[in-house]
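Residue strings, one per chain:
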Amino acid sequence: MAILNSVQSNIASKPGVIEAARGMSHFGEHALGWVAVAGVGAAIDKPRRRKWAGVAVGAVGAHVASIVIKRIVRRPRPDDPSIQVNVSTPSKLSFPSSHATSTTAAAVLIGKLTGLPLPAMLVPPMLLSRLVLGVHYPTDVLAGSALGAVSAAAVLKAEQKFGEK
């Protein structure tokens with residue numbers, strides 16, 4: 001709880017932070033924002049359409065994996081009077097963070113596709129946003145990010161195996 005309390009007292013209290021975190025939460029819900037980004041990429045970048053489809057598959061696959069693990073682990077979300085919950089959630093299960101999972105998978109795959117340092121730019125803010133919103137423990141977001149990285153690696157390996165360059 002100490003890390004959550006520290007994040008909420010030192011970061012969440014700043015103007016605009018909770019609103020930005022809520023926006024990120026809505027974008028990442030069920031990996032739909034990442035599917036939309038992949039769809040736009042596929043529409044604009046027709047020569048790499050299959051790679052953009054891989055981004056959508058990676059983000060959704062990572063999300064599904066996180067849901068399966070959540071249902072096995074069944075760790076409840078933070079529930080302490082000192083933690084302010086700043087967004088609604090589709091379930092009461094916490095481990096791993098699905099937002100961290102799908103964001104990491106998408107960021108790794110889009111970063112590989114575009115050459116941009118997206119994991120470093122997108123993953124830390126999403127992980128922090130889940131703590132700002134009071135809906136995850138630090139271990140939830142770290143495990144989710146690790147799962148997302150593994151999911152992205154699986155997509156990249158499949159692309160290599162099936163001839164995508």
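Since we're looking at a predicted model, the values are computed, not measured. (Residues numbered from 1 in each chain as written. Predicted model: local features only at pLDDT ≥ 70, side-chain atom pairs only at ≥ 80, totals over all residues. Heavy atoms only, no water.)

Please set out the packing of aromatic side chains residue by residue, giving values where relevant.
Considering all chains together, one arrives at 1 aromatic pair under this definition. Consider the rings of F27 and W34, whose centres lie 4.8 Å apart with planes at 90 degrees: the pair is edge-to-face. (Phe/Tyr/Trp six-rings, centres within 6.5 Å; stacked < 30°, edge-to-face > 60°.)

For helix α1 (residues 2–12), give the residues involved together with the corresponding values.
One full turn of an α-helix is made of 3.6 residues, so residues set three or four places apart face in the same direction. Where α1 is concerned, the buried positions are L4, V7, Q8 and A12. Down the axis of α1, the sector holding all buried residues measures 95 degrees, keeping them to one side. Residues A2 and I3 are exposed on α1 and point more than 90 degrees away from its buried face. Looking at the packing, one finds that the buried side of α1 touches α2 (17–28), α6 (118–132) and α7 (138–161). (Buried < 20%, exposed > 50% of the residue type's maximum accessible area, 1.4 Å probe, protein only. Helix = DSSP H or I, 4+ residues; strand = E, 2+ residues; numbered from the N terminus. Arc of directions from axis to C-beta. Contact = heavy atoms within 4.5 Å.)

Describe the side chain of E29, and please don't skip the residues or the numbers.
With respect to the helices and strands, E29 occurs in the loop between α2 and α3 (32–44). We note that E29 is buried and unpaired, the nearest opposite charge coming from R130 at a distance of 5.4 Å. Those residues in contact with E29 that sit more than four places away from it in its chain are P90 and H99. (Lys, Arg positive; Asp, Glu negative; His and termini not counted. Salt bridge = Lys/Arg side-chain N within 4 Å of Asp/Glu carboxyl O.)

Outline the environment of S129, listing residues and values.
One can find S129 in helix α6. Linking S129 and A2, residues 127 residues apart in sequence, is a C-alpha distance of 16 Å. A distance of 2.7 Å separates a polar side-chain atom of S129 from the backbone oxygen of M126. (Polar contact = N/O pair within 3.5 Å; in protein donor to acceptor, adjacent residues only side chain to side chain.)

Requested: an account of the nonpolar core, with residues and values cited.
Counting residues in hydrophobic clusters, the biggest one holds 20 residues, and the most contacted among them are W52, V55 and I110. Looking at this core, the elements that each hand over two or more residues are α3, α4 (49–73), α5 (98–114), α6 and α7. Ranked by residues supplied to this core, first place goes to α5 with 6 residues. Among residues more than four places away in sequence, those in contact with V55 are A38, L109, I110 and L113. (Core = buried A, V, L, I, M, F, W, Y, C linked by side-chain atoms within 4.5 Å.)

Outline the environment of R48, supporting the account with residue identities and numerical values.
Mapped onto the secondary structure, R48 falls in the loop between α3 and α4. Among the residues examined, R48 registers a relative accessible area of 34% and is labelled partly exposed. Through-space distance from the C-alpha of R48 to that of L113 is 8.6 Å; in sequence the pair is 65 residues apart.

Tell me about unusual backbone geometry, and please be specific about residues and values.
Both trends apply: most residues other than glycine have a negative phi, and most peptide bonds are in trans. Note that the residue after F95, namely P96, is joined by a cis bond; omega there is -5 degrees. Inspection of the secondary structure assignment puts P96 in the loop between α4 and α5. The backbone of A31 shows a phi angle near 65 degrees, a positive value even though the residue is not glycine. Given a relative accessible area of 0%, A31 falls into the buried group.

Summarise the packing of α5 against α7; cite the residues concerned and give the values.
Direction vectors running N to C along α5 and α7 enclose 40 degrees, while the axes themselves pass 7 Å from each other. Here α5 is positioned oblique relative to α7, judged by the angle of their axes. Pair α5 / α7 crosses with right-handed handedness. Across the interface between the two elements, A100, T101, T104, A105, V108, L109 and K112 from α5 touch V141, G144, S145, L147, G148, A149, S151, A152, V155 and L156 from α7. Considering only residue class, the contact of α5 with α7 consists of 10 nonpolar, 6 polar and 1 charged. (Axes fitted to C-alpha atoms, helices over the stretch in contact; angles between N-to-C directions. Parallel < 35°, antiparallel > 145°, perpendicular 65-115°, else oblique. Left-handed = near helix turned anticlockwise from the far one by under 90°. Nonpolar A, V, L, I, M, F, W, Y, C, P; charged D, E, K, R; others polar.)

Go over α4, please, and point to the residues and values.
With 25 residues, α4 extends 36 Å from end C-alpha to end C-alpha; this agrees with the ideal 36 Å at 1.5 Å per step. All of the buried residues in α4 are K51, W52, G54, V55, A56, G58, A59, A62, H63, S66 and K70. For α4, the elements touching its buried residues are α3, α5 and α7. (Expected span 1.5 Å × (residues − 1).)

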